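Listed below are the residues making up each chain.
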Amino acid sequence: MEFDSGSAFKNGFAAESDDFVYMPAPDRRDEERQLSVRLTAKIIAAGRELPCRVHNISSGGANIETLAKLTTEDRIRIEFRSNLSLAGKVRWQNGGFAGIEFTEPADVDAVLKKSGISIARIKPRLPRYGCNVPAKLVTEQQTIECEAIDISTNGVRLSKIKQLKPGESYTLVIAGLSRRKVSMVWSRDKQAGIKFLNPLRFDEFENWIAWNQGETVPQ
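Residues numbered from 1 in each chain as written. Predicted model: local features only at pLDDT ≥ 70, side-chain atom pairs only at ≥ 80, totals over all residues. Heavy atoms only, no water.

Asks: Can you explain the pattern of salt bridges? Please cite residues and give values.
Replies: Overall, the coordinates contain 10 salt bridges when judged by the stated rule. Between E147 and K160 there is a salt bridge whose closest N-O contact spans 3.6 Å. Of this pair, E147 sits in strand β11 (residues 143-151) while K160 sits in the loop between β12 (155-159) and β13 (169-174), placing them 13 residues apart in sequence. By relative accessible area, E147 is classed as buried at 18%. Classification of K160 by relative accessible area gives exposed; the value is 60%. (Salt bridge = Lys/Arg side-chain N within 4 Å of Asp/Glu carboxyl O. Helix = DSSP H or I, 4+ residues; strand = E, 2+ residues; numbered from the N terminus. Buried < 20%, exposed > 50% of the residue type's maximum accessible area, 1.4 Å probe, protein only.)

Asks: Explain the packing of aromatic side chains to me, and be specific about the residues and the numbers.
Replies: A complete count under the given rule lists two aromatic pairs for this structure. Summarising the aromatic geometry, the rings of Y129 and F205 are spaced 5.4 Å apart at their centres and angled 75° between planes, so their arrangement reads as edge-to-face. Of this pair, Y129 sits in strand β10 (residues 129-138) while F205 sits in helix α2 (residues 202-212), and the two are 76 residues apart along the sequence. For Y129, a relative accessible area of 3% puts it in the buried group. By relative accessible area, F205 is classed as buried at 3%. Residues W208 and W211 carry aromatic rings whose centres are separated by 5.9 Å and whose planes lie at 55° to one another, so their mutual orientation is tilted. Here W208 pairs with W211, and both are found in helix α2, just three residues apart, close to one helical turn. On the basis of relative accessible area, W211 is assigned to the partly exposed category, the value being 26%. Sitting above the plane of the Y129 ring, K42 keeps its charged end 5.1 Å from the centroid. (Phe/Tyr/Trp six-rings, centres within 6.5 Å; stacked < 30°, edge-to-face > 60°. Lys NZ or Arg CZ within 6 Å of the ring centre and 35° of its normal.)

Asks: Describe the nonpolar core, and please don't skip the residues or the numbers.
Replies: Ranked by internal contacts, the top residues of the largest apolar core, which has 55 residues, are V54, I57, F80, L137, I151 and L158. Looking at this core, the element that brings in the most residues is strand β3 (residues 35-45), giving six residues. In contact with L158, not counting residues within four places along its chain, are A135, L137, C146, E147, A148, K190, Q191, A192 and I194. (Core = buried A, V, L, I, M, F, W, Y, C linked by side-chain atoms within 4.5 Å. Contact = heavy atoms within 4.5 Å.)

Next comes the structure, spelled out in structure tokens:
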């Protein structure tokens, strides 16, 4: 699997706020009904990870848009949330678009559900992407050097950082990303969870993930 050097998404949607689902009146006679959606997810193939857009979905498969250059018969996994992922096979690929056939019938209602608590009372979260890049938390009084170790469109986990007070606001600086206003959610054991006050745009995030994997340079 390779990655394209250009972004297929030019609309600058925010990954959280723009998830859209069009649900036609259910037809119980048609178990393979196709739903037009606009969902963000993570595609995992050949040990690589990249964001993708899901444009429509049924219990049997989905059409996606991604920077990943896939080939027919590639085995992939699509992660929608931390508690939900689906395995599949690439049936066709055309530019930035691909048709995926799920290995087993998907529970479409579960995919479209945006919230919920697991048996362990853990709230499902958006897909995260591992990274190890230098970062800074900046205020008028100080600059705190640290390292970003995983990231989503909503926030980032930092390491090599001193104990900080939750609720404090900072400006986050990471190479390749625009400066972000952030809030400290938690801090312990030289790590901290940071929330973006405004989610990352999908196109910026997608290009940054590809760049972080050495495939392209963010614009």
